[in-house]
Structures are given as structure tokens and as C-alpha cells.
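Observations on the three-dimensional arrangement
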Amino acid sequence: MYDFSEVEPLYAERPDWADVTPLQQYQGVDPLAPINYSTEYQDATDYFRGIVKTGEISLRVLQLTEHIIRMNPGHYSAWQYRYRILLALQLPLEEELRLMDQYAIDFLKTYQVWHHRRLLLGALRSVDAAAAELEFVARALDTDEKNYHTWSYRQWILAHFNDEARLWAGERAWVEHMVERDVRNNSAWHHRFFIVWGSGMRVGDEDRERTLKRELMYVKEKIALAPNNPSAWNYLRGILEHTHTPFSTQAIFVQLYTTSASTPGDVFDLDNPPPSASAVLPCENALEFLADIYEQEGGAQISKAIEIWRSLADEHDTMRRKYWEYRIKGASQT
Amino acid sequence: MKAAASESLPPLARNSHAMHCKLCLSGLPFSQVEMDSSRIALGFYCLGTLDLLGVLETKTTPSEREAWRNWLWEQQTHGRYGSGFKPSPYMTSDILLDEESEFDTPHLIMTYTALMSLAILRDDFSKLDRPGILKFLRSCQRGDGSFSASPNGGEADLRIVYCAFVISSLLDDWSGMNVDAAIAYVQRCSSYEGGYGQTPFGEALGGTTYCAVASLYLAPSTPLSPIEHRLSSSERSRIIRWLVQKQTSLGGFSGRTAKAADACYCFWCGAALNILGAGDLVDSAALASFLGKCQYQFGGISKAPSERADPYHTYLSLAALAIYKPKGTNESWELPQVDVLRNATVDTALWARNRIRAGEV
Ligand SMILES: [Zn+2]
């Protein structure tokens, strides 16, 4: 990136800025948590305040905002002013997005960087630009695969262009690849829920029963691969609740994970993939799930649920002992 | 196992934590320049730490406190959007402008944290422009019920909604918003996992789950949303399950499923559980043991053991410990009661409620 400090003298010393009256920051009474500004920053922001007063819209101010943002990516007003110049001068917004690519990677955790992209893409209304953004997000997630801003930006793009089949076409395959990379990445599981269930119907997914079947197969395969993975279990619970499917439909599958030793059957049942031989069993999430099935069935089954909660409290998940006792109490009362 | 955890608990280094925050209040190095656009919030975490530790009167002088009150009031702006607080004078010039600049507007998070900071400093709020604040709230609410941080845009999510709810509750006046629309927005942020995302469709996150739960408990009953039906018992159970699941084997809470423990989520998740009446489900010995290890050797508390401390994690860790007092520890761990809905000590929250309330003038 361009290093402003190396090449340029202070604005106060530059003849091409001599026509601008710098405005110093108001100091007033003893400030709370004052920041010890560098000379370079103070100089740039003095000129920026001067510019905001006159309302100048120009390329040199565009550069000034970049200079300030480089030093302080959280400078909200510099971002705002920058966006105003881009629109007023009708500058190519795609180019601005490409300039932002490096910013986003350098300042992944800064909200403004992502907000600026949203504004740009919203103003562009271009499906091509949105497609390029999806590619950019995929690259950004290579650097930080659980970054909340990055994932929400992707969800925003897809929701914003909800009817653009082209943008959505590769989405499930892409997020499958993200889960492939790290089966415990909850952001990827969440994204899958968003694209399959959260955001309206996709082409090919109209048959909800078939979709549910496919999703059940998918998540159960992933659980078989890594049974102690709360993200996958939460997804399984989520899709059952979303489709009002009773948990009991999964009883056979879940019971493969609640016993302490893996017992491979003679016939491999595609609907109910067993845990791998190396799996650590019983799996807490499976025990919880089975107890929920018993609780939903009610009646005499409640005692079976209580037995499981007891074992979670005393043995398998002692950190949450009080929670499991609370579940026992809740079920005993009804 | 449990007993061993609390026996090995180090003392709470109250003095160094107070000094860490006192130092930040007196000034920040240039490397912290990003804080300029949220300086009041930072001030709130520093002052809140001193308040929780009960040392505001001893570690600061009356003239320092007066200067901070004056500085905070200088951030209150009046303009076409009403009245609120801006983060700092970072966009304010040393010459007075005739009108409020479009680039120096008040901010909702800063307005909430300014009011709480002033309450910590026991201000009398005679300078508060109450009708102006209501107008400011109205200019920040958007069509979908959410609030943006500033009237002319910026981020809009559950954090900002929470700030608008607390401000309305302090004013004891909800005419600054469409309550039903705001509640509907909160409910749209609910995720399949049980927690709440930052925006609709967002992944469940500890901080925003706190914001959602606290908001639902702060807002008064309306004909469309009577408070007793706002959360069904099954929804409540799902939120509790998700929150409880966030306590990790290290004792600290994580902010999302399968992420590492982080001190700030001990407050966000712990306080949300407390609001839901499920605070006794937290393993408080394990929680304290984690936070004890997050104490930074040069003062302050960090997000995880052996990370650098900051006022945000320091304040939230202490607030979490105030809710979840570890049993059988020495008096260094004694902290005052907190108002979990408004995120301040009970005394400070009461001071704020009594003096900010509209119609008292
Ligand atoms: Zn944190």
C-alpha cells in the first residue's frame, strides 16, 4: 500500500493545500481519555475539519480521507465524507471496492470497512459486482474463517440480491467446502441454515420434504465424522424444530452415539451412519438429544430422560450439573 | 475438584485493576487512536471499573470528577436531529460553527454510555435536554424497527436497539420509539440455535443475546406485546440452553458455539442468564477461576489468560463477578450488586433513574 508518511510533507507545508484553512480540534475543559495524536495525524485531521467546513468535494480530499483512514480506520466521519465524494464525482465504485480489498484484510475487525462496502454495493446495484464481492469474502475468510463481520457481509449480499439465482447458485457447494475445511466452524453451519432455511426458497429446494431429507443425511454424515461437535448437533436440532419434525424421528441414529462403545452393525444403514471407530463415546450432545426425545414422549419415558440427565450431571458434563438438575426438576414437576 | 478450584483462586488485584483504568482516563497513546470515535464508551468502562471497585472517591479527586462531568456535557449536541452525545470532540473545531455539522452528529451508544458515566460521577442531570433526546431517538429508528447509531446512518443492529431501550427506561418515557416495531426487530434476530444474532439472519452471539434479552425485559407492556407473553416458555428454554452451553471447560463463557472462552462473554452470557431467572445454572466457581487467570500482571483484566488487558474486559469481568460471587473467597472478591438490565451498579442505576426521568423538572 501507499505509505503517505514516507513521501509527503505535512499538509501545512504543502503549497497545493495553502488555500485551505486548517481547523484545530476543540480542546476546552480537561478531556477524558485524551489521545496523544501524532503530528502527521493532527495535521491531516486539522485539514479535514477545515474541508468539512467549506464542503469541498475533490480528488485531493478523497486522498486526504484515505490518508486519515489509513492511520485510523475507525474514523467514522472520514469514511462518510469519502463516500459522499465518490458519489458526487461519480467515481467508479468498482475501483473503490478493489481498493477496499486490502483495507478489509488489514482491518478485518473494523466495522467501518465492511459498512463502506455495503454502501458501495448498494449504490452499484450490480450483480457482477456482487458476484465479485462473494469471491472477495471467500478470500477474506481464508485469513480469518470465523470473522463475524465477514460472514454477516456475505449474508447481507445474498439477502440484498435475494432474487439473483446466479449469486445463489454456487452457495451451498461453497459453504459445504467451508464445513469440509473445518467441520467445527459454527459460522459455516449457521450460513448453511441461512441459505437453506432462513432466506426463502431456492430453486431446486421447493420440495421441502426432500430438502429436509437431504439436510438430515448431510448433518448426520458430519456427526458420524466428528460426533462431539455441538455445531452439527445444533444444526440437526435447528432443522427439526424449523420443520416441526419430532426429535423422535432420529431415535435410531442418536442411540448409536449414546452407548459407551461403538457397535458396528452388519449392514451399513445410510440413514443412520454410525460413529467412526475412534469416536469418544458416549457423546454428550447425543445424550441430551435422547433425553429430549424421552421428555417429548412424556409419561413413563420421563424417568428415562431423568436417568440420562442424572448421568450428564454426575459424570459426562459436570460443569453443567446445575443445568441438568434444573431439567430434572422441570420434568418432574409436569 | 470444585473446592480445589476456589482454593487456588488468586486474590482479585483490585488496586492494579483500578490503576489500569485510571491510567486510561488520563490519556491514551496514539496506537489507540481508533478509540477516538468511541471515547465515551471507553470512559464508561474505566469509570464503571472504579465504581464497581468502590474507589471512585479515593482514586480520583473532586476536581478530576468535575472536569470529566464538564467534558461529558460538552459532548451533548443540539440540532435538527434532537439531542444526544457524540463520541468525543474529534470532529469538533476550535471555532464555533453556527450549525451542527452533518459529520459531527450524536451517537446512540455514546448517548447511553454518557448518561451512565454521568450517573457514576453523580451528576444532577440539570443540563439534560430530555425532549431533545426523545427527538434524537425518533430520528434514529428505521422502518424495520431497528435503530441506527446516528440519525444519518451508520451501523444498525441489536446493540443500538438495546441502547435506545435503556435510554427510554431511564427517561421513563417510551414516546421516542415505536416499541412494537423495535420488539419485532429483536425477535427477528433470534437464531435457530437459541441465541440472537447481531442482525436478522446473523449467527447467535453472546453480546447481542444479552442485548435482546435485556431489551425484552426493559420494554413496558403494550397491547400487542404484553410483557408476560413476550418470551414463550419454549423460547426461554431454548435461550437458556444455548447460553448454558457457552460455558466452556475452562470455566469462562465463549461468545459463539465452539469458540474459545473470552472474559467479556462471562458478563454477556452470565447476565442474560441472570435476567432470565436462570443465574443459578452458572458454575460460578469455574467462572471465577477463569477470570482470576485473565488478570494481567500489570493491572487490568484481559479477554483470555496471557493476553493484554483493556478497560472493556476489565469492567465486564468485574461486573460478571459481581453477579456470580465465588463462594469461600477472601474479601478482595467482594463487589457491589449490579443492575443487570442497565449494566451498572445498583446505586448508579438508581441514581440515573431518579434523575434522568422525564417530567421531574
Ligand atoms: Zn471479549
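In this text, all values refer to a predicted model and were calculated from it rather than measured experimentally. (Residues numbered from 1 in each chain as written. Chains lettered and ligands numbered in written order. Predicted model: local features only at pLDDT ≥ 70, side-chain atom pairs only at ≥ 80, totals over all residues. Heavy atoms only, no water.)

The next thing to look at is the overall build of chain A. Of the regular secondary structure elements, chain A holds 17 helices and zero strands. For a compact globule of 334 residues, the expected C-alpha radius of gyration is about 20 Å, and chain A comes in at 28 Å, more than 25% above that figure. Within chain A, buried positions represent 54% of all 334 residues. About 15,100 Å² of surface is accessible on chain A, with carbon and sulfur atoms providing 52% of the total. Of the charged side chains in chain A, 35 are positive and 49 negative; the average position of the first set lies 4 Å away from that of the second. (Helix = DSSP H or I, 4+ residues; strand = E, 2+ residues; numbered from the N terminus. Rg over C-alpha atoms; globule rule 2.2 N^0.38 Å. Buried < 20%, exposed > 50% of the residue type's maximum accessible area, 1.4 Å probe, protein only. Areas by Shrake-Rupley, 256 points an atom, 1.4 Å probe, with all protein chains shown as cover. Lys, Arg positive; Asp, Glu negative; His and termini not counted. Charge placed at Lys NZ, Arg CZ, Asp CG, Glu CD.)

This paragraph deals with the overall build of chain B. The number of helices and strands found in chain B is 15 helices and six strands. Relative to the 2.2 N^0.38 estimate, which gives 21 Å for 361 residues, the radius of gyration of chain B is 20 Å and therefore close to what a compact globule would have. Over its C-alpha atoms, taken along the principal directions, chain B stretches across nearly 65 × 50 × 35 Å. Put simply, chain B has 361 residues, and 64% of those count as buried.

Before going further, it helps to spend a moment on the pattern of salt bridges. One pass over the full model with this rule turns up 41 salt bridges over all chains. Residue A:Arg60 is joined to A:Glu56 by a salt bridge in which the shortest nitrogen-to-oxygen separation is 2.8 Å. Among the charged side chains, a network of salt bridges with common partners joins A:Arg237, A:Glu288, A:Asp292, A:Glu295, A:Arg327 and B:Arg241. (Salt bridge = Lys/Arg side-chain N within 4 Å of Asp/Glu carboxyl O.)

All names here are of chain B. Pairing of strand β3 (residues 148-150) with strand β4 (residues 153-156) involves two bridges; the strand directions are antiparallel. Within β4, the position partnered with Ser148 by the bridge is Ala156. The turn linking β3 back onto β4 is made up of two residues. (Pairing = 2+ DSSP bridges.)

This next bit is on the side chain of A:Lys146. Tracing the chain through its elements places A:Lys146 in the loop between α7 (127-143) and α8 (148-160). For A:Lys146, the contacting residues outside a window of four places in its chain are A:Trp151, A:Asp182, A:Arg184, A:Asn185, A:Ser187, B:Arg256, B:Ala258 and B:Lys259. (Contact = heavy atoms within 4.5 Å.)

We now examine the coordination of the zinc ion. Residues and elements named next belong to chain B. In the first shell of the zinc ion, the protein supplies Asp262 (OD), Asp262 (OD), Cys264 (SG) and His313 (NE2), at 2.1 to 2.4 Å from the metal. The site at the zinc ion holds four donor atoms, and with the angles between them running 55 to 119 degrees, its shape is irregular. Of note, the zinc ion draws all its donor residues from one chain, in the sequence arrangement D-x1-C-x48-H. Within this pair, whereas Cys264 is found in helix α12 (residues 263-275), its partner His313 is found in helix α14 (residues 311-323), the two being separated by 49 residues in sequence. Using a relative accessible area of 9% as the deciding quantity, one classes His313 as buried. (Donors = N, O, S within 2.8 Å, 3.2 Å for Na, K, Ca; no water. Tetrahedral: all angles 85-135°; square planar, octahedral: opposite > 155°, others 65-115°.)

Let us look at the interface of chain A and chain B. Taken residue by residue, the interface counts 63 residues in chain A and 67 residues in chain B. Contact between chain A and chain B buries roughly 5,800 Å² in total, counting both sides, with carbon and sulfur atoms accounting for 57%. The largest contributions to the chain A side of the interface with chain B come from A:Leu32, A:Tyr148 and A:Met319, which together make up 15% of the buried area. If you look at where chain A meets chain B, you find two salt bridges. For the salt bridge of B:Arg241 with A:Glu288, the shortest nitrogen-to-oxygen distance reads 2.6 Å. Taken together, the links from chain A to chain B amount to 32 residue pairs in polar contact (both at pLDDT 80 or more). Secondary structure elements with two or more residues in the side of chain A that touches chain B: α2 (39-54), α4 (76-88), α6 (111-124), α8, α11 (186-198), α13 (230-242), α15 (284-297) and α17 (321-333) of chain A. Taken together, the residues that form the side of chain A that touches chain B break down as 27 nonpolar, 25 polar and eleven charged. (Buried area = accessible area lost by both parts, 1.4 Å probe. Polar contact = N/O pair within 3.5 Å; in protein donor to acceptor, adjacent residues only side chain to side chain. Nonpolar A, V, L, I, M, F, W, Y, C, P; charged D, E, K, R; others polar.)

To continue, consider α2(A). All names here are of chain A. Spanning 16 residues, α2 covers 23 Å between terminal C-alpha atoms, matching the ideal 22 Å at 1.5 Å per step. Residues of α2 that are buried: Tyr41, Asp43, Ala44, Thr45, Asp46, Tyr47, Phe48, Arg49, Gly50, Ile51 and Val52. Packed against the buried residues of α2 are α3 (59-71) and α4. Looking one or two residues beyond α2, the residue adopting positive phi is Gly55, at roughly 80 degrees. (Expected span 1.5 Å × (residues − 1).)

Bringing the nonpolar core into the picture now. Within the largest apolar cluster, 232 residues are counted, with the highest numbers of intra-cluster contacts made by A:Trp233 and B:Tyr210. Non-local contacts of A:Trp233, meaning those with residues more than four positions away in its chain, are made with A:Ile223, A:Pro227, A:Phe253, A:Val254, A:Tyr257, A:Cys283, A:Asn285, A:Ala286 and A:Phe289. (Core = buried A, V, L, I, M, F, W, Y, C linked by side-chain atoms within 4.5 Å.)

In this section: the packing of aromatic side chains. Using the criterion set out here, one finds 41 aromatic pairs over all chains in the structure. For the pair A:Phe253 and A:Tyr257, a centre-to-centre distance of 4.9 Å together with 50 degrees between the ring planes defines the contact as tilted. Grouping residues by exposure puts A:Phe253 and A:Tyr257 together as buried. Just above the ring of A:Trp174 sits the side chain of A:Arg154; from NZ or CZ to the centre is 3.6 Å. Over the face of the ring belonging to B:Trp351 we find B:Arg355, whose NZ or CZ atom lies 3.4 Å from the ring centre. (Phe/Tyr/Trp six-rings, centres within 6.5 Å; stacked < 30°, edge-to-face > 60°. Lys NZ or Arg CZ within 6 Å of the ring centre and 35° of its normal.)

Moving on, we get to the confidence of the model for chain B. Residues and elements named next belong to chain B. Of all residues in chain B, 96% have pLDDT values of 70 or greater, and the mean over the chain is 94. Note that residues 1-6 has pLDDT below 50 and, in this model, four contacts with residues that lie over four places away or in other chains. Across the assembled chains, the prediction reports ipTM 0.95 with pTM 0.96. (pLDDT = per-residue confidence, 0-100.)

Each pair of packed helices can be summarised by the angle the axes make with each other and by the distance between the axes. All names here are of chain B. In the contact formed by helix α10 (residues 206-218) and α12, the axes pass within 8 Å of each other and the chain directions differ by 30 degrees. Comparing their axes, α12 and α10 come out roughly parallel. At the point where α10 passes α12, the crossing takes the left-handed sense. Here Gly206, Gly207, Tyr210, Val213, Ala214 and Tyr217 of α10 come into contact with α12, specifically with Tyr265, Phe267, Trp268, Cys269, Ala271, Ala272 and Ile275. Classifying every residue of the contact of α10 with α12 gives eleven nonpolar, two polar and no charged. (Axes fitted to C-alpha atoms, helices over the stretch in contact; angles between N-to-C directions. Parallel < 35°, antiparallel > 145°, perpendicular 65-115°, else oblique. Left-handed = near helix turned anticlockwise from the far one by under 90°.)

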